[in-house]
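Below are the chains, spelled out letter by letter.
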Amino acid sequence: LPSPQVRGTHPDCSVVLHFQKREAECLERIRSESQSPALPGQEGCPTEWDGVSCWPALPLGQSRDVACPEILNVFTKSKGLIQRNCTEWGWSIPRPPYHSACQLETLGSSNDTEAKACHFVTMKVLYTCGYSTSLAALLLAIGIFSCFRKLHCTRNSIHIHFFTSFILRGTAVFIKDSVLFSDESIDHCTMSTVTCKAAIAFFQYSVLANFYWLLVEGLYLQTLLLLTFTCDRSYTWGYTLIGWGVPMVTVGVWVLTRLQYDNHGCWDDYSSLYWWVIKAPILLAIFVNFLIFLNVTRMLAQKIRCPDLSKTHKQQYMRLTKSTLLLIPLFGVHYVVFALFPEHVGVDARLYFELVLGSYQGFLVALLYCFLNGEVQAEIRRNWGTWQRSMESNVFNLATQDFTA
């Protein structure tokens, strides 16, 4: 049995692909007719593609009517007919014109087009600045956690993995832009190369890893509260498998599915049925994180009310939970809201949340988990004080040597 094919194409591209398909069919018909020369007395107008419709060959002096293109009927519900005559000078011009017979929607003015182009350019500048800022902050945060030995623990190791997932996500966005949109002469609707598919697959992996490492942060926080700050390194491999392994398996299944059943375009059409192979695990991670959010809030309230708990322990619980409890709803709310609507609904709002605001999430994570972390600040101050005393001692020794000399 032939493999089923699912064509989930963006509405803008569906129009282009429709006319390209009709043009290819018409050109094939023209080639086949050219191989069989016309008999004497059968002169007329040959088959012609006018950019919108295919006009079959017609004897001299006759006329032919064609209906409006099917793809246009979807938008306008028009049933008009266009007529052309075969004259001794060839095909006449279409009467009435397409824009009149098919009742095409009025195209936007050049000012509207320029405004939309300016809007997308501004959005690209904003998310480029956001991802650049996030990448710089995340790299600095990873450097801080790696350089100071007292910060080496399971908790900060998980933070480093979480930071790395943000770095991969920002890098994937830049790679995707450079592959798909670097050359304006490329037809994005028909582009289907191994490079662009690999860029999209890497982007989907980084997004999945981002959500699943946030899930790991929530799971680890819950484990800490249940085990009363007992760090069990036996969970580390399990966290790693969840954070990196689950996204790898999911993207692998998605790639194989697209290759087998829906291998067209650059795999960046989110209206495809197989997009749920990526979407469902993300929604699952958000849902589980929301349950963790509720459970951690409940456990935290119980522990804070406990009269036997010292003030120091209460502060530790608050410090460890405030960052994750803030990030869990922050990262998932807009995704759940948009998941309830089709992909073509609310495109501008979706792009703004996922690109512009999403580009600064890495900076926010580095700020909450590293730069505003009291333990990190204390370690930096301690090492800064040690370095200053060392410098002062070196300067004193040099001055003493110069004086005694």
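Residues numbered from 1 in each chain as written. Predicted model: local features only at pLDDT ≥ 70, side-chain atom pairs only at ≥ 80, totals over all residues. Heavy atoms only, no water.

S.K.: What is the right way to read the state of the cysteines from this model?
M.R.: Working definition of a disulfide: a covalent bond connecting the sulfur atoms of two cysteines. Throughout the structure, instances matching the rule amount to 3 disulfides. Two residues, Cys 26 and Cys 54, share a disulfide whose sulfurs are 2.1 Å apart. On the S-S bond that ties Cys 26 to Cys 54, the torsion sits near 75°, and the link is right-handed. With a gap of 28 residues between them, Cys 26 in helix α1 (residues 11–34) and Cys 54 in strand β3 (residues 54–55) connect regions that are remote in the sequence. Its relative accessible area of 1% is what places Cys 26 among the buried residues. Linked covalently through their sulfurs, Cys 45 and Cys 86 form a disulfide whose S-S length is 2.1 Å. Between Cys 45 and Cys 86, the S-S dihedral sits near 100°, and the bridge is therefore right-handed. Pair noted here: Cys 45 is in strand β1 (residues 44–45) and Cys 86 is in strand β6 (residues 81–87), with a separation of 41 residues, a long-range link. Judged by relative accessible area, Cys 86 falls into the buried class, the value being 2%. (Disulfide = S-S within 2.5 Å. Helix = DSSP H or I, 4+ residues; strand = E, 2+ residues; numbered from the N terminus. Buried < 20%, exposed > 50% of the residue type's maximum accessible area, 1.4 Å probe, protein only.)

S.K.: Any chance you could explain the UniProt feature "transmembrane region" (unreviewed entry) in the protein here in plain terms?
M.R.: As annotated by UniProt and renumbered to match this structure, "transmembrane region" (unreviewed entry) occupies residues 125–146, 211–229, 241–261, 273–296, 317–340 and 352–372. Between the end C-alpha atoms of residues 125–146 there is a gap of 32 Å, over a span that is 100% helix and 0% strand. The straight-line gap between the two end C-alpha atoms of residues 273–296 is 35 Å; of that span, 88% is helix and 0% is strand. (UniProt positions renumbered as here; feature names shortened; annotations may be inferred.)

S.K.: How should I be thinking about the pattern of salt bridges in this particular structure?
M.R.: Where charged atoms from two side chains of opposite charge approach closely, those side chains can pair. Applying the stated rule across the entire model yields 7 salt bridges. Glu 28 is the salt-bridge partner of Arg 31, the closest N and O atoms lying 2.8 Å from each other. Highlighted residues: Arg 31 and Glu 28, both in helix α1, separated by 3 residues, approximately one helical turn. Classification of Glu 28 by relative accessible area gives partly exposed; the value is 45%. With a closest N to O distance of 2.9 Å, Arg 84 and Glu 48 form a salt bridge. Residue Arg 84 is located in strand β6, and its partner Glu 48 is located in strand β2 (residues 48–49); the two are separated by 36 residues in the primary sequence. (Salt bridge = Lys/Arg side-chain N within 4 Å of Asp/Glu carboxyl O.)

S.K.: Explanation requested: the nonpolar core in the structure shown.
M.R.: In terms of nonpolar packing, the biggest core is built from 62 residues, with Phe 162, Phe 163, Ile 278 and Ile 282 touching the most fellow members. Residue assignment for this core shows that the elements contributing at least two residues are α4 (110–147), α5 (154–180), α6 (194–227), α7 (236–261), α8 (276–305), α10 (347–359) and α11 (361–371). Residue contributions to this core peak at 19 residues, all from α6. By size, the runner-up hydrophobic cluster in this structure holds 11 residues, among which are Leu 58, Ile 82, Cys 86 and Cys 102. (Core = buried A, V, L, I, M, F, W, Y, C linked by side-chain atoms within 4.5 Å.)

S.K.: It is not clear to me how empty space enclosed by the protein should be interpreted in this structure. Could you clarify?
M.R.: Using a probe with the size of a water molecule, rolled over the atoms, empty space left in the structure can be pinpointed. Following the criterion strictly, the structure yields 2 cavities of 30 Å³ or more and no others. A volume near 50 Å³ is recorded for the largest cavity. Lining the largest cavity we find Tyr 131, Ser 134, Leu 135, Leu 138, Phe 166, Arg 169, Gly 170, Gly 358 and Gly 362. Where the lining of the largest cavity is concerned, the elements lending two or more residues are α4 and α5. Considering each element in turn, the lining of the largest cavity owes the most residues, 4 residues, to α4. When grouped by side-chain class, the residues that make up the lining of the largest cavity number 4 nonpolar, 4 polar and 1 charged. (1 Å grid on protein atoms, 1.4 Å probe; cavity = no way out; pocket = protein on both sides within 12 Å on 5 of 7 lines; lining within 4 Å. Points joined across faces, edges and corners; volume = space filled by probe spheres on them. Nonpolar A, V, L, I, M, F, W, Y, C, P; charged D, E, K, R; others polar.)

S.K.: Please clarify how the environment of Gly 44 should be interpreted in this entry.
M.R.: On the secondary structure map, Gly 44 appears in strand β1. A relative accessible area of 41% places Gly 44 in the partly exposed class. Placed 15 residues apart in sequence, Gly 44 and Pro 59 show a C-alpha to C-alpha distance of 4.2 Å. Ignoring sequence-local partners within four residues, the contact set of Gly 44 consists of Leu 58, Pro 59, Leu 60 and Cys 86. (Contact = heavy atoms within 4.5 Å.)

S.K.: Got a minute to help me understand the confidence of the model for the protein in this structure?
M.R.: Predicted coordinates in regions of low pLDDT should not be interpreted in detail. Summarising the model, the protein shows a mean pLDDT of 77, and 69% of its residues fall at 70 or more. Per-element confidence in the protein is highest for α7, whose mean pLDDT is 93, and lowest for helix α2 (residues 70–76), whose mean pLDDT is 53. Counting contacts from residues 1–11, a segment whose pLDDT is below 50, to residues more than four positions away or on other chains yields 25 contacts. (pLDDT = per-residue confidence, 0-100.)

S.K.: In this structure, what is going on with the side chain of Ser 134? I would like to understand it.
M.R.: Secondary-structure assignment places Ser 134 in helix α4. In this structure Ser 134 comes out as buried when scored by relative accessible area, which is 4%. Within the structure, Ser 134 has its side chain in polar contact with the backbone nitrogen of Phe 363 (distance 3.1 Å). When near neighbours in sequence (up to four residues on either side) are disregarded, Ser 134 contacts Ser 359, Tyr 360, Gln 361, Gly 362 and Phe 363. (Polar contact = N/O pair within 3.5 Å; in protein donor to acceptor, adjacent residues only side chain to side chain.)

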